[in-house]
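Here is how the chains run, residue by residue.
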Amino acid sequence: MHLAHAFIGKFDLPVPLPVVLAGAVVVVAASFVLVYALPDRRPEARRGGAVVPRWAVVALQALALAFVGFLLGVGLLGRQTNVLNPAVLAFWVATIPLLPLAHALVGGEYEVANPFALIARLLTSGASARARRHPLLDRLGYWPAVAQLLVLVFLELAFPPVPNSPQALAALVAFYTGFQVAMGIFLGEQWYRTGDLWQALTTMAGTIAPVALVRDDDGYVRLRIGFRADRAIPVGRGREALVTLWLAGVLADGVRTTPIWRAFAQATQAVSDSVGQAGDINLGEVGLDTAEILATWLAFAAFFWLFTYVAAALSGRDAGGLAGVVSPSLVPIALAYLLAHNLTQLLVIAPLMFSSPADVATAAAELQRNVAGVRPAIVFAVQVTAIVLGHVLAVLMAHAGIAAVEKEPGRRLRADLGWLAAMLVYTATSLWVLAQPLANQA
């Protein structure tokens, strides 16, 4: 059984899909009007915050270490069938969507509890935490995290032997742990900000969190409360590449259900079939899935830069500088996609982690019961709500970011309008993709 997003059946939309798309676009556009109609309020950054008790920090770190140990131990010693192995379900089904989503509510948890940084700190007696910033980190930027995310997306979508194998998961976790600890020892703990995929993604997700855990200059962990719409993603080369790949990775397997991709796959079927097999692996299908991932990423990246240049041309600003200002607005969109696109697997597949089915037949029966308990219309309503709210928040963040660097009202409005066009197209496109496996449009 492949850990794809759970299919819960088609249903007839209460209104035609174009009406749903148009309504969502109107709401996002209205949020832009509301931003300009309301007084401009940009809260100041809070420097203080209550100190988090040491025992709470240690408990959070212990939980992170225990989870890594769980993935290793259960992956190796548990049942060697994916739907029966809790480690496989915990990682591929639950952790990938839930870890960033949790940081959208309370940011900084992973950074404080980073198990790889903790191990590096223990092995170097704290030297890794005290190390000066290595000049190599500025040259690398976010590109190590980009490469890691590309591998993760490829393994999940194009190479099913890995997500289907508990032992492969354990090997992957062991390799990642060794690599991250070694890099932390070699480059210092500044490496983890852009070199550890999970810290990079959770830090991005934390830009919209109303509550955050922050380690201050004295080493204390503080609890800070307050959302800042103009909060920026830490700078670094490849930042926009990581955000657009995150978006593409979330929607890549949804793209294959669209009529456009189905037509392309059908047209290239003969070529795909001629590639052959390597053991149980269909190399043609792997190649097609890889092309889909890369094409989706390229489309999102091209789309981002196209509208960035449009907004820059309208406002007379440098496109490179404007990209850094508007890229944080993609984070709530990515999180909305993440929730919407993984909602069915969280409802249908994730509960198997706790039920411990005795065999594959029992697991299949439980899956069917879980599917029967889900109402597709309600799922789609939640997905639409998440997408719309994500884009509304994106409009707010983009406006706040542009307003922070552009004081001239006319140029600020033109930049906002250029980027609003991107928000509207993103909204309609994402909802259309999400509707393909759910809505019966015959």
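Now for a quick tour of the structure. (Residues numbered from 1 in each chain as written. Predicted model: local features only at pLDDT ≥ 70, side-chain atom pairs only at ≥ 80, totals over all residues. Heavy atoms only, no water.)

As for the overall build of the protein
The cut-off we apply is this: A helix here means a DSSP run of H or I that spans at least four residues, while a strand means a run of E at least two residues long, and both kinds are numbered starting from the N terminus. We compute the radius of gyration over the C-alpha atoms and compare it with the globule rule, which gives 2.2 Å times the number of residues raised to the power 0.38. In what follows, a contact means two residues having at least one pair of non-hydrogen atoms within 4.5 Å. Shrake-Rupley sampling with a 1.4 Å probe provides the accessible areas, and residues are treated as covered by the protein chains on show and by no other component. His residues and chain termini do not enter the charge count, which takes Lys and Arg as positive and Asp and Glu as negative. By convention, the charge on Lys lies at NZ, on Arg at CZ, on Asp at CG and on Glu at CD.
The helix and strand tally for the protein stands at 21 helices and six strands. By the compact-globule yardstick of 22 Å for 442 residues, the protein fits well, its C-alpha radius of gyration being 22 Å. Its C-alpha atoms give the protein principal-axis dimensions of roughly 65 × 60 × 40 Å. By sequence separation, contacts in the protein at least 24 residues apart represent 81% of the contacts at least 6 residues apart. When the accessible surface of the protein is split by element, carbon and sulfur atoms take 67% of a total near 19900 Å². Across the protein, 29 positive and 26 negative side-chain charges occur, with their mean positions spaced 9 Å apart.

Digging into the environment of Leu169
In plain terms, the rule: Burial classes: relative accessible area under 20% of the type maximum marks a residue as buried, over 50% as exposed, and values in between as partly exposed (1.4 Å probe, protein chains only).
One can find Leu169 in helix α9 (residues 166-187). Residue classification places Leu169 among the buried residues on the basis of a relative accessible area of 0%. It is 18 Å that separates the C-alpha atoms of Leu169 and Ile281, two residues lying 112 residues apart in sequence. Filtering out sequence-adjacent residues up to four positions away, Leu169 remains in contact with Leu71, Ala87, Val88, Phe91 and Trp92.

Some details on helix α16 (residues 319-326)
Here is the rule we go by: What qualifies as a polar contact is a pair of N or O atoms within 3.5 Å, subject to a donor-acceptor requirement within protein and to the restriction that residues adjacent in sequence count only when both atoms come from side chains.
Most of α16 is tucked away: six of the eight residues are buried. Residues Ala319, Leu322, Ala323, Gly324, Val325 and Val326 constitute the buried set of α16. Those residues of α16 hidden inside the fold are in contact with α12 (239-255), α15 (283-315), α17 (330-348), α20 (376-405) and α21 (409-435). The N-cap of α16, judged by a side-chain oxygen 3.2 Å from the amide nitrogen of Gly320 a few residues on, is Asp318.

Section: the pairing of strand β3 (residues 211-215)
Threshold: Whether two strands pair comes down to DSSP finding at least two bridges between them.
One ladder, built from two bridges, connects strand β2 (residues 106-107) with β3; its direction is parallel. Within β3, the residue paired with Gly107 across the bridge is Ala212. Relative to strand β4 (residues 221-225), β3 runs antiparallel, the two being bridged by five bridges. Across the sheet, Ala212 pairs through a bridge with Arg224, a residue of β4.

Remarks on helix α5 (residues 115-123)
An α-helix turns once per 3.6 residues; consequently, residues spaced three or four apart project the same way. Considered for burial, the residues of α5 that qualify are Pro115, Phe116, Ala117, Leu118 and Ala120. Residues of α5 that are buried sit in contact with α2 (54-77), α4 (109-113), α6 (127-130), α9 and α10 (191-195). The N-capping residue of α5, defined by a side-chain oxygen 3.0 Å from the backbone nitrogen of Phe116, is Asn114. Phi turns positive one or two residues past the end of α5, at Ser125, with a value near 55°.

Overview of the packing of α12 against α15
Filter applied, for reference: Helix axes are fitted to C-alpha atoms over the stretch in contact, other axes to C-alpha atoms as well, and angles between N-to-C directions run from 0 to 180 degrees. Orientation categories follow fixed angle ranges, with anything under 35 degrees roughly parallel, anything over 145 roughly antiparallel, 65 to 115 roughly perpendicular, and all other angles oblique. For a crossing to be left-handed, the near helix must be turned anticlockwise from the far one by less than a right angle; the clockwise case is right-handed. Residues are grouped as follows: Ala, Val, Leu, Ile, Met, Phe, Trp, Tyr, Cys and Pro are nonpolar; Asp, Glu, Lys and Arg are charged; all remaining types, including Gly, are polar.
Interhelical geometry of α12 versus α15 gives an angle of 130° and a closest axis separation of 8 Å. Accordingly, the angle class assigned to the pair α12 and α15 is oblique. The interaxial crossing formed by α12 with α15 has right-handed handedness. On the side of α12, the interface is formed by Glu240, Ala241, Thr244, Leu245, Leu247, Ala248, Leu251, Ala252, Asp253 and Val255, while α15 contributes Glu292, Ile293, Thr296, Trp297, Phe300, Ala301, Phe304 and Trp305. The residue inventory of the contact of α12 with α15, partitioned by class, reads 13 nonpolar, two polar and three charged.

Topic: a nonpolar patch on the surface
Under the convention used in this document: Like-charged residues are merged into a patch within 9 Å and nonpolar side chains (Val, Leu, Ile, Met, Phe, Trp, Tyr) within 5 Å, provided each residue has over 30% relative accessible area and no salt bridge. By definition, a salt bridge exists where a carboxyl oxygen of Asp or Glu is found within 4 Å of a side-chain nitrogen of Lys or Arg.
A cluster of nonpolar side chains, contributed by Tyr36, Leu413 and Leu417, occupies part of the molecular surface with about 240 Å² of accessible area. Checked against the element boundaries, Leu417 lands in helix α21. You can call Leu417 partly exposed: its relative accessible area is 41%.

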